[in-house]
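What the coordinates show
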Amino acid sequence: MATQAKTPSLCFTHKLQFFLHNPIPACLSLVGNGKGHKKPLNLSCRSNGNDDDYYIDADYQVGDGFSFSGGKYSDGPSPSDEWFKQGKIVKAYTALGSGEKAKDPIFGLAMGADSQAAADVFRWFCVESGNADNPSVILIHGLPSQAYSYRKVLPILSKDYHAIAFDWLGFGFSDKPQPKYGFDYTLNEYVASLESFINEVSVGKVSLVVQGYFAPVAVKYASIHQEKINNIILLNPPLTAKHANLPSTLSIFSNFLLGEIFSQDPLRASDKTLTSCGPYQMKEDDAMVYRNPYLTSGASGFALNAISRDMKKELKKYVDEMRTILTDENWKVPTTICWGKRDRWLTYDGVEDFCKNSKHKLIEIPMAGHHVQEDRGEELGQIIHDIIRKRRFGL
């Protein structure tokens with residue numbers, strides 16, 4: 001008999017009201033079980049006629065501080081499980097936490113294991129495809145997304161290249177340390193951590209493909225390590241002065257308290273952000289993969305808060321710095337900008353002029369939006385393959 005799928009109850013606001021109007025009695029403290037683990041305190045609230053369990057602090061398998069009943073749709077295998085099986089965990093970038101147990105920013109409650117900084121080195125999830133002896137291509141997702149967004153690109157590149165797609169810290173299956181407890185999600189931290197990750201997965205030169213708001217990170221890294229970069233391909237990066245402000249769909253996560261609430265809603269944090277920036281129509285199986293981090297742990301939402309706040313405050317500086325690097329005469333990395341012209345977040349105005357003035361190649365993809373790899377995955381995969389091939393063989 002098939003297990004009936006369980007739709008996540010998105011009632012965080014109700015749960016927040018429950019806490020605000022019903023303080024936790026001192027007698028309801030978390031009790032140790034004698035094995036070094038805390039016993040989860042299970043509170044219930046009623047929403048839409050159903051009882052919804054809320055875990056203050058529990059192991060990853062059942063969710064932690066701000067999760068929705070562990071985030072399980074069913075007891076059977078999910079698309080997220082199948083994607084995870086295709087990848088592996090890579091340890092890179094030393095964790096700099098103080099060792100203090102991370103607490104959530106609203107109630108000050110100790111978070112579960114998934115929100116804690118690693119004891120030594122952070123864990124990154126990545127999916128590799130193709131022969132490791134072939135030239136490496138690193139596929140870098142944007143904000144907010146996952147390595148999963150490159151699932152249609154990987155098979156095409158794997159024919160002639162060693163393609164690697166990874167989840168940034170704070171996303172997907174990679175570690176999501178609580179901000180201020182080992183990783184603060186700033187551009188400089190991401191640059192340093194990217195260097196560490198690339199050093200772990202590739203000993204030779206690499207080609208970089210980076211999408212959206214994480215483009216300044218990859219460009220800054222490449223500017224420091226030009227000798228290690230064969231090519232860099234930017235997918236709808238923030239290039240002009242008009243791109244220096246986060247769209248409202250993302251900036252909402254930077255708001256105090258309201259941002260914390262919205263970032264714990266999987267539909268708002270994943271579905272809405274991914275579908276509001278272009279023509280992408282998300283299938284339910286894909287949505288289950290993107291929602292999974294927000295369903296299983298509050299850590300994903302808090303990471304999104306931290307990134308959004310840093311981007312909202314510093315994005316103009318990041319864009320200006322990237323423009324300076326890309327137009328500097330000392331920039332020697334072959335650069336291509338691919339632009340999905342149906343991007344609802346970043347206007348095309350000024351992009352063509354920038355590419356012309358900087359002498360960087362521009363490839364327009366008319367039917368794609370901001371998340372080019374989702375809208376036109378196979379087409380993009382072939383474009384990337386051809387760009388690298390032509391430069392590799394001087395065609």
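The sections below set out a description of the structure shown in this document. Bear in mind the structure is a predicted one, so any value in this text is a computation, not a measurement.

**A short note on the environment of H385**
- Along the chain, H385 turns up in helix α13 (residues 377–393).
- Of the residues examined, H385 reaches a relative accessible area of 9% and is grouped as buried.
- Sequence separation between H385 and V153 is 232 residues, and the spatial gap between their C-alpha atoms is 9.3 Å.
- Setting aside anything within four residues of it in sequence, one finds H385 in contact with I156, L157, D160 and Y161.

**Focus on the nonpolar core**
- Counting 69 residues, the largest nonpolar core has W168, Y190, F197 and L208 as the members making the most contacts within it.
- At eleven residues, the largest contribution of residues to this core is made by helix α10 (residues 299–327).
- Those residues in contact with Y190 that lie beyond four places of it in its chain are W168, L169, F171, F183, Y185, F214, V217 and I307.
- Counting residues in hydrophobic clusters, the runner-up holds 34 residues, among them L154, L235, L380 and I387.

**So, the pairing of strand β5 (residues 136–140)**
- Of all five residues in β5, five are buried, a share of seventy percent or more.
- Residues S136, I138 and I140 of β5 are buried on one face, and the alternating residues V137 and L139, pointing to the opposite face, are buried as well.
- One ladder, built from five bridges, connects β5 with strand β6 (residues 162–166); its direction is parallel. Within β6, the position partnered with S136 by the bridge is H162.
- Where β5 lies against strand β7 (residues 206–211), five bridges are found, and the strand directions are parallel. Residue pairing in the sheet places L139 in a bridge with V209 of β7.

**Notes on empty space enclosed by the protein**
- Overall, the coordinates contain four cavities of 30 Å³ or more when judged by the stated rule.
- Of the voids in this model, the largest cavity is the one considered here, and its volume is about 70 Å³.
- Looking at the largest cavity, the residues that line it are P144, S145, Q146, G170, F171, G172, A269, S270, L274, Y290, P293 and Y294.
- Listed by contribution, the elements that provide at least two residues to the lining of the largest cavity are α8 (266–275) and α9 (284–296).
- For the lining of the largest cavity, the residue count by class is seven nonpolar, five polar and no charged.

Basis of the calculations
Residues numbered from 1 in each chain as written. Predicted model: local features only at pLDDT ≥ 70, side-chain atom pairs only at ≥ 80, totals over all residues. Heavy atoms only, no water. Helix = DSSP H or I, 4+ residues; strand = E, 2+ residues; numbered from the N terminus. Buried < 20%, exposed > 50% of the residue type's maximum accessible area, 1.4 Å probe, protein only. Contact = heavy atoms within 4.5 Å. Core = buried A, V, L, I, M, F, W, Y, C linked by side-chain atoms within 4.5 Å. Pairing = 2+ DSSP bridges. 1 Å grid on protein atoms, 1.4 Å probe; cavity = no way out; pocket = protein on both sides within 12 Å on 5 of 7 lines; lining within 4 Å. Points joined across faces, edges and corners; volume = space filled by probe spheres on them. Nonpolar A, V, L, I, M, F, W, Y, C, P; charged D, E, K, R; others polar.

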